[in-house]
Amino acid sequence: MIKSVPIDYMHAVCLGEMKRLLKFWVRGKQSTRIPLEKCDAANVELNNLRDSFPSEFVSLIHLPCYAKIHGCLDNFSDFKYENYLGLLKKSISHSRFPLQEAAKCPIE
């Protein structure tokens, strides 16, 4: 089952790079640093979300295996669904049954 459900490189690679950029903006040269107050505020918000995400979010070691099985990374990327997710969220009004409402959403 692990080989048939690949990890998405958007989360594994691109978001990992974002982590490096954030470290650079926090600990890098003085001219590129984010002000300490903003870092502290963001840290509080992220800590509030900590329980909502799994601890091991990046699994780069398996990516070459998935590429051999499924082809290029774009074949199993979540990027195309991220764009659709925004449209889907906008189409759902304040509903008690969001899944049923999303199922009725027309695909463009």
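Here, the structure is the one placed above.
Residues numbered from 1 in each chain as written. Predicted model: local features only at pLDDT ≥ 70, side-chain atom pairs only at ≥ 80, totals over all residues. Heavy atoms only, no water.

S.K.: What should I look at first to understand the overall build of the chain in this one?
M.R.: The secondary structure content of the chain amounts to 5 helices and 0 strands. The secondary structure elements of the chain, listed N-terminal to C-terminal, are α-α-α-α-α. Burial statistics for the chain: of 108 residues in total, 13% are counted as buried. Pairs at least 24 residues apart make up 56% of the contacts formed inside the chain by residues separated by at least 6 positions. Carbon and sulfur atoms provide 61% of the accessible area of the chain, an area that totals close to 9,400 Å². (Helix = DSSP H or I, 4+ residues; strand = E, 2+ residues; numbered from the N terminus. Buried < 20%, exposed > 50% of the residue type's maximum accessible area, 1.4 Å probe, protein only. Contact = heavy atoms within 4.5 Å. Areas by Shrake-Rupley, 256 points an atom, 1.4 Å probe, with all protein chains shown as cover.)

S.K.: Is there a simple way to think about the packing of aromatic side chains in this case?
M.R.: Geometry of an aromatic ring pair is reported as the spacing of the ring centres plus the angle between the planes. Per the counting criterion, the structure on display carries 1 aromatic pair. Ring geometry for Tyr 66 and Phe 76: centres 6.5 Å apart, planes at 65°, overall edge-to-face. One end of the pair, Tyr 66, is in helix 3 (residues 63–70); the other, Phe 76, is in the loop between helix 3 and helix 4 (79–91), with 10 residues separating them in the sequence. For the pair formed by Tyr 66 and Phe 76, the shared burial category is buried. (Phe/Tyr/Trp six-rings, centres within 6.5 Å; stacked < 30°, edge-to-face > 60°.)

S.K.: Before we go on, may I ask you to explain a nonpolar patch on the surface in this structure?
M.R.: A cluster of nonpolar side chains, Leu 15, Met 18, Leu 21, Leu 22, Val 26 and Ile 34, forms an exposed patch at the surface whose accessible area comes to about 440 Å². Inspection of the secondary structure assignment puts Leu 21 in helix 1 (residues 9–27). Using a relative accessible area of 38% as the deciding quantity, one classes Leu 21 as partly exposed. (Patch = residues over 30% accessible without salt bridge, like charges linked within 9 Å, V, L, I, M, F, W, Y side chains within 5 Å. Salt bridge = Lys/Arg side-chain N within 4 Å of Asp/Glu carboxyl O.)

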